[in-house]
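Inside the fold
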Amino acid sequence: MQENYPFGDIETKWQNFWDENGDFKTDLAAAKNPYYCLMMFPYPSGKLHVGHGRNYIIGDAVARYKKMQGFDVLTPMGWDSFGLPAENAAIKTGTPPAEYTLANIAAMKEQLRAWGCMYDWEKEVTSCLPEYYKWTQWLFLQFYKKGLAYKKNSNVNWCPSCATVLANEQVVDGCCERCDSEVDQKAMDQWFFKITDYAQRLLDDLDTLDGWPTRVKTMQKNWIGRSEGAEIDFPIVPRADGAGDNVDKIACYTTRVDTIYGCTYMALAPEHPELKNLVKGMPQEAEVLEFIKESSKLTNLDREADEVEKEGRFTGRYLVNPYNGEQIELWVGNYVLMYGTGAVMAVPAHDTRDFAFARKYNLPIKLSIQNPEGSLVLAEMKDAYTEDGTCVDSGDFSGVDNREAIKQMTALAEEKGFGTGKINFRLRDWLISRQRYWGAPIPMVYCPSCGVVPEKEENLPILLPTDVEFKAEGESPLKGSATFMNCACPQCGGAATRESDTMDTFVDSSWYFLRYLSARDASQAINTEICNKWMPVDQYIGGIEHAILHLLYARFFTKAIKDLGLIGFDEPFKHLFTQGMICKKGPDGNLYKMSKSKGNVVSPEELLKQYGADTVRLYTLFIGPPEKEAEWQDTGVEGASRFLKRIWRRVAENHAILCGADIPVCPPDVETMEAPERDLYRKTNETIQQITRGLDGAFTFNTAIAAIMELMNAIDALKISADSSDSAKIVFRDAIVNVVLLISPFAPHIAEELWVELGHAPGVMNADWPVVNEAALKRDELDMAVQVNGKVRDQIKVPASASQTEIEAIAMASEKIQTWLEGKTVRKVIVVPGRLVNIAVS
RNA sequence: GCCGGAGUGGCGAAAUGGUAUACGCACGGGAUUCAAAAUCCCGCGGAGAAAUCCAUGUGGGUUCGAGUCCCACCUCCGGCACCA
């Protein structure tokens, strides 16, 4: 056996072996013990850095571990391959998006392979290929039939730089998530998915996701934003001049109907649909219209500012509070959003924003909730009181607890017909239209006689045309393609035009995990039987950055597809693991997540050449707890490399002993061992126990690897040589074999090579995960600490069989302890078997 | 502002309420070597000559015993944020 660790040779060798052997191919129908290990599929940007690598390395370690535990593991990989970068590359270089994308996929496949990550490529899905997007389009049609896909003209988020609309989820601080340009509001006809129909289910089912990090569940809960309240109609006081209005009342949504007796004005959103009519012909009209104009300009900037001055204008109109018949002023306020009804009843005494607004414009303030101490005095209030309390000056409700009043007052509104209890969600419908080329075309047709018509299923896929021109500005490239745009109406056969928008790429990634299970099936999108067998995904692994967008959409799709009768489960991912990002110090000395723009990217190529894949994998897993962020340090890689070399060297140095025919092939026998051998044998089994426990609960790869390092230290402590006893050699060999088994999910290539060197048939990944020998863990004697008043004062050895009283006696007999007890009264002695004795003295 | 998470050596970090600092990195010393690299051995929180004392962001509390549990506060990170 070679003295030096030839990582380059063995890594190529075993990667080829796994391929040829089909070690990661899964027979979906025949599998008896399915385990679906899923990693978020990447956008094929062309190059992965070691930060991306963490996701695949963790996933591969889990897959290999589960395989050794006897599961039929499915680990597929695919490509989230529609999206803007390919289109931007086309604008820049003229390379067609398909060509650019497929070249990147090929390059990244090689990178993944070089890392030793094994996937069942027979199940590969590529979202930009017609075989896949045909079924994305098909799902769109099913959603359309069910009323889940609809078209609406609305104000949408428009990114001028990407020249496309964005979903609310893709707007961050008023800017485009992708390019950081400021997002405008624009009225457009757009396609939406009715995710709001599922708001309640998306919220409720979060409680069933025990295997998800609470952090992610909380983020989704906040995003869905459920609130319980009431919608109350305020009648409009007719104009003095007798001119009519379109409506005779304004509805407002409130979660605090209990404060309504303190309502002193109402404020409308500047975008409120009735606002312009209500002020028409009023003396205030010009001023209000000017205000609307200014506010709409400010909308985006507002979002970025921490606190924007609340401003408003009186409309000249009045409303009636239906509870007490009082007339209140109707205002327009820049702080009111077009959310709920776009109108808020203002209760300055009990809402911070209304308080500030009322102070600014000298509007009346009325107390309607008294705090439990009864100490609120209106004249002394510096800010609104927003807590619970008792209703005051609230007609029949005075004296009622405010939480109770909400129920009673809502009931009254329903009884009298001027209001109703209502639940509101912050979540809006999902805008999926994109005015871009590189996405799945929305399979809808516009016919002059039939109107909006869905394409026939048998005509799918609606292929992306190739006769298009890519320009940085202007309309969607699809609009310029006559071959694409002109079509026959699916209903009447007459000349018609296609929808020129394509779907948001998040649509593609909302169901790919189902498609892996029937990736080559040209006859249907989803194989119900196989899906029900393999889903939900046992372990999903990906970045925290997808906590809301992708994971919420995928959950919505799963529920909608279930309602279509295609699958039998509500939630797609049983366990979710979100790994932390890998950061590195940039040239300026600050820590950033790895990115090209910060100049702190570590490419795997150089590292693989210098150290090999196993070293990079080992370091990536050892760097820290996998769910936390970690800082990449080049010296750390060196350490991982050193450790693998050390394992290799131990096997090479002791090859004769490890494979020698002169040692009996039999399991270690605890009864006949000398003490040092027993210590090592115990350590080996303790290590197996610790690592197995760690990997089953959380993914404590870092401590698992530390445990293997400790075991290696213990192996070296035995100082084996040719002259050692058979018993010692057997224990030594057992320890080395277990090191190889335990490290194999993390550093699979070296493990495979050493496995063979140790005399086994090739294929450590198909070996059984080691099992603890309980007999090895037993001890005759235990080391225990003796504390006096909680401070360690001595170490004692006690027989493992000693009773608590016996342990106490041994502790008390210690000379050191005696000196600490001198002149003191022992009040209490606590014995924690196997750990310590604590003597409390006064 | 609201909701999460975190704060432990020079650094990355360990620790079911039970001996704080495992494991690794860096550093120092020694062995080997003509020399170096590699490797192997030893040391490595602070103060102190030592006994011993002090150390897990700060201050309190519960407990025989707290990094861990409770209360208050400080700092950092993430999410949400005029949602009525």
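Structure report, in brief. Bear in mind that the values here come from a model prediction, so they are computed numbers and not experimental data.

Calculation criteria
- By convention here, each chain's residues receive numbers from 1 onward along its written sequence.
- Each chain is given a letter, starting from A, and each ligand a number, starting from 1, according to the order in which they appear as written.
- It should be noted that, the model being predicted, local features are given only for residues of pLDDT at least 70 and side-chain atom pairs only at 80 or more, the latter also being counted only at that level, while totals for whole chains, interfaces and linings use all residues.
- With hydrogens and water set aside, each side-chain value is computed from the structure's full complement of heavy atoms.
- Each helix corresponds to a stretch of at least 4 residues labelled H or I by DSSP, and each strand to a stretch of at least 2 residues labelled E; elements are numbered beginning at the N terminus.
- Categorising residues by exposure relies on relative accessible area from a 1.4 Å probe, with only protein chains included: less than 20% of the type maximum marks a residue as buried, more than 50% marks it as exposed, and the intermediate range marks it as partly exposed.
- Here, two residues are considered to be in contact whenever any of their heavy atoms come within 4.5 Å of each other.
- Each accessible area is a Shrake-Rupley estimate made with a 1.4 Å probe; only the visible protein chains count as cover when residues are assessed.
- The pairing criterion is simple: DSSP has to find at least two bridges between the two strands.
- Residues are labelled near a given molecule or strand when at least one of their non-hydrogen atoms is within 4 Å of it.
- For this analysis, a polar contact is any N or O atom pair within 3.5 Å, provided that within protein one partner can donate a hydrogen and the other can accept it, and provided that sequence-adjacent residues contribute only side-chain to side-chain pairs.
- All residues other than Ala, Val, Leu, Ile, Met, Phe, Trp, Tyr, Cys, Pro, Asp, Glu, Lys and Arg, Gly among them, are scored as polar; the first ten of these are nonpolar and the last four charged.
- The term salt bridge refers to a side-chain nitrogen of Lys or Arg lying within 4 Å of a carboxyl oxygen of Asp or Glu.
- Here an angle of 0 to 180 degrees is reported between the N-to-C directions of two axes, which are lines fitted to C-alpha atoms, with helices fitted over the stretch in contact.
- We define a nonpolar core as any set of buried Ala, Val, Leu, Ile, Met, Phe, Trp, Tyr and Cys residues linked to one another through side-chain atoms lying within 4.5 Å.
- The domain boundaries here were taken from an automatic or database domain assignment.
- Points on a 1 Å grid over protein atoms alone make up a cavity when a 1.4 Å probe fits among them but cannot get out, and a pocket when they form an open set with protein on both sides within 12 Å along at least five of seven lines; lining residues each have an atom within 4 Å of a point.
- Grid points are joined across faces, edges and corners, and a volume is the space filled by probe spheres set on the points.
- We call a pair of cysteine sulfur atoms a disulfide when they lie within 2.5 Å.
- Throughout, the term roughly parallel applies to angles under 35 degrees, roughly antiparallel to angles over 145, roughly perpendicular to angles from 65 to 115, and oblique to all others.
- Crossing chirality is assigned from the near helix's rotation relative to the far helix, an anticlockwise turn below a right angle marking it left-handed and a clockwise turn marking it right-handed.

1. Concerning the overall build of chain A
Within chain A, the secondary structure is distributed over 27 helices and 34 strands. Along the longest, intermediate and shortest principal axes, the C-alpha atoms of chain A span 115 × 85 × 55 Å. A buried classification covers 55% of the 842 residues belonging to chain A. Taking contacts inside chain A between residues at least 6 apart in sequence as the whole, the part at least 24 apart equals 73%. Accessible surface, chain A: about 36900 Å² in total, of which carbon and sulfur atoms supply 49%.

2. Thoughts on the pairing of strand E10 (residues 226-235)
Buried residues dominate E10, accounting for seven of its 10 residues. In this structure, E10 lies alongside strand E11 (residues 249-254), joined through six bridges in antiparallel fashion. When the sheet's bridge partners are listed, glutamate 231 is paired in E11 with tyrosine 253.

3. A short note on the protein's contact with RNA strand B
Surrounding RNA strand B, one finds 48 residues, the nearest of these being Thr254, Thr255, Arg353, Arg426 and Gln795. Restricting attention to atoms of RNA strand B within 4 Å of the protein, one finds that 67% of them are sugar or phosphate atoms. Between RNA strand B and tyrosine 253 there is a distance of 3.4 Å, counted from a sugar or linking oxygen to a backbone nitrogen or oxygen. Note that a phosphate oxygen of RNA strand B is positioned 3.3 Å from one of the side-chain N or O atoms of lysine 828. Residue composition of the surface near RNA strand B, by class: 20 nonpolar, 13 polar and 15 charged.

4. A look at the pattern of salt bridges
Throughout the structure, instances matching the rule amount to 41 salt bridges. Notably, a salt bridge pairs aspartate 197 with lysine 194, separated by 4.0 Å at the nearest N-O pair. Between glutamate 710 and lysine 683 there is a salt bridge, with the nearest N and O atoms lying 2.9 Å from each other. Of this pair, glutamate 710 sits in helix H22 (residues 701-717) while lysine 683 sits in helix H21 (residues 675-696), and the two are 27 residues apart along the sequence. Taking the relative accessible area as the measure of exposure, glutamate 710 reaches 43% and is therefore partly exposed.

5. A few points about the environment of tyrosine 150
Note that tyrosine 150 resides in strand E5 (residues 149-159). For the pair formed by tyrosine 150 and isoleucine 736, sequence separation is 586 residues and the distance between their alpha carbons is 63 Å. In this view, tyrosine 150 contacts Gln190, Trp191, Phe192, Lys194 and Asp429; residues no more than four positions away in its chain are not counted. Only 2.6 Å separates the side chain of tyrosine 150 from the side chain of aspartate 429, close enough to count as a polar contact.

6. Side note on the packing of helix H18 (residues 613-622) against H22
A pair of packed helices is captured by two measures, namely the crossing angle of their axes and the spacing between those axes. The N-to-C vectors of H18 and H22 enclose an angle of 115°; their axes lie 7 Å apart at closest approach. Judged by residue contacts, Leu618, Leu621 and Phe622 of H18 engage Phe701, Asn702, Ile705, Ala706 and Met709 from H22. Split by residue class, the contact of H18 with H22 holds seven nonpolar, one polar and no charged.

7. A look at the pairing of strand E14 (residues 327-333)
Here E14 lies mainly inside the structure; five of its seven residues are buried. Direction of pairing for strand E12 (residues 265-268) relative to E14: parallel, over a ladder of four bridges. Looking at E14, one finds that leucine 268 is bridged to valine 332. Pairing of strand E13 (residues 312-320) with E14, which is carried by six bridges, proceeds in the antiparallel orientation. In the sheet register, glycine 312 faces E14, and the bridge partner there is glycine 333. The turn linking E13 back onto E14 is made up of six residues, and glycine 325 within it adopts a positive phi angle of 75°.

8. Things to note about the nonpolar core
Of all hydrophobic cores here, the largest spans 98 residues; its most connected members are Trp632, Phe701, Ile715, Ile743 and Phe746. Per-element tally for this core: the top contributor is helix H23 (residues 726-743), with 12 residues. Shared between two domains, this core takes at least three residues from each, and those domains are domain 1 (28-99 + 111-137 + 507-595) and domain 4 (654-777). Every residue in contact with tryptophan 632, bar those within four places of it in the chain, is listed here: Val50, Ile582, Cys583, Lys584, Met594, Val602, Leu607, Val616, Tyr619, Thr620, Ile623 and Val637.

9. So, the layout of surface pockets
The gaps of empty space that remain are located by a probe, the size of a water molecule, rolled over the atoms. Empty space within the second largest pocket amounts to approximately 380 Å³. In this structure, the second largest pocket is lined by 21 residues; those nearest its centre are Gln539, Phe577, Gly697, Ala698 and Phe699. Of all the elements in the fold, those that place two or more residues in the lining of the second largest pocket are strand E27 (576-579) and H21. Among the elements that take part in the lining of the second largest pocket, E27 stands out by supplying three residues, more than any other. A per-class count over the lining of the second largest pocket returns nine nonpolar, seven polar and five charged. A domain-level breakdown of the lining of the second largest pocket finds at least three residues from each of domain 1 (28-99 + 111-137 + 507-595) and domain 4 (654-777).

10. A short note on the state of the cysteines
Following the criterion strictly, the structure yields zero disulfides and no others. Free cysteine: cysteine 391, not disulfide-bonded; nearest cysteine sulfur from cysteine 263 at 14 Å. Between cysteine 531, a free cysteine, and cysteine 37, which holds the nearest cysteine sulfur, the sulfur-to-sulfur gap is 17 Å.

11. Some points on the sheet that holds strand E9 (residues 184-193)
The antiparallel open sheet is built from four strands, whose spatial order is E6-E5-E9-E19. Looking along the sheet, the strands with just one partner apiece sit at the ends: strand E6 (164-166) and strand E19 (430-431). Relative to E19, E9 runs antiparallel, the two being bridged by two bridges. The residue bridging phenylalanine 192 from the neighbouring strand is leucine 431, located in E19.

12. Description of the sheet that holds strand E22 (residues 451-454)
As summarised here, the arrangement of the four strands in space is E22-E21-E24-E23, forming an open sheet in which the pairing is antiparallel. With partners counted over all chains shown, the strands left at the sheet margins are E22 and strand E23 (486-488), one partner each. Adjacent strand axes in the sheet meet at a mean angle of 45°, parallel and antiparallel pairs treated alike. In terms of strand pairing, strand E21 (residues 444-447) meets E22 through four bridges, oriented antiparallel. Bridge pairing links tyrosine 446 to valine 452 in E22.

13. Details of the side chain of aspartate 205
Inspection of the secondary structure puts aspartate 205 in the loop between helix H6 (199-204) and helix H7 (214-224). Of the residues examined, aspartate 205 reaches a relative accessible area of 17% and is grouped as buried. When near neighbours in sequence (up to four residues on either side) are disregarded, aspartate 205 contacts Arg555, Lys559, Asp570 and Glu571.

14. Regarding the packing of H22 against H23
As a packed pair, H22 and H23 sit with axes 11 Å apart at the nearest point and diverge in direction by 160°. With respect to each other, H22 and H23 are oriented roughly antiparallel. Handedness of the crossing formed by H22 with H23: left-handed. Of the residues in H23, those in contact with Ile708, Leu711, Met712 and Ile715 of H22 are Phe732, Ala735, Ile736, Val739, Leu742 and Ile743. Tallied by class, residues from the contact of H22 with H23 come to 10 nonpolar, no polar and no charged.

Structural measurements only, silent on function.
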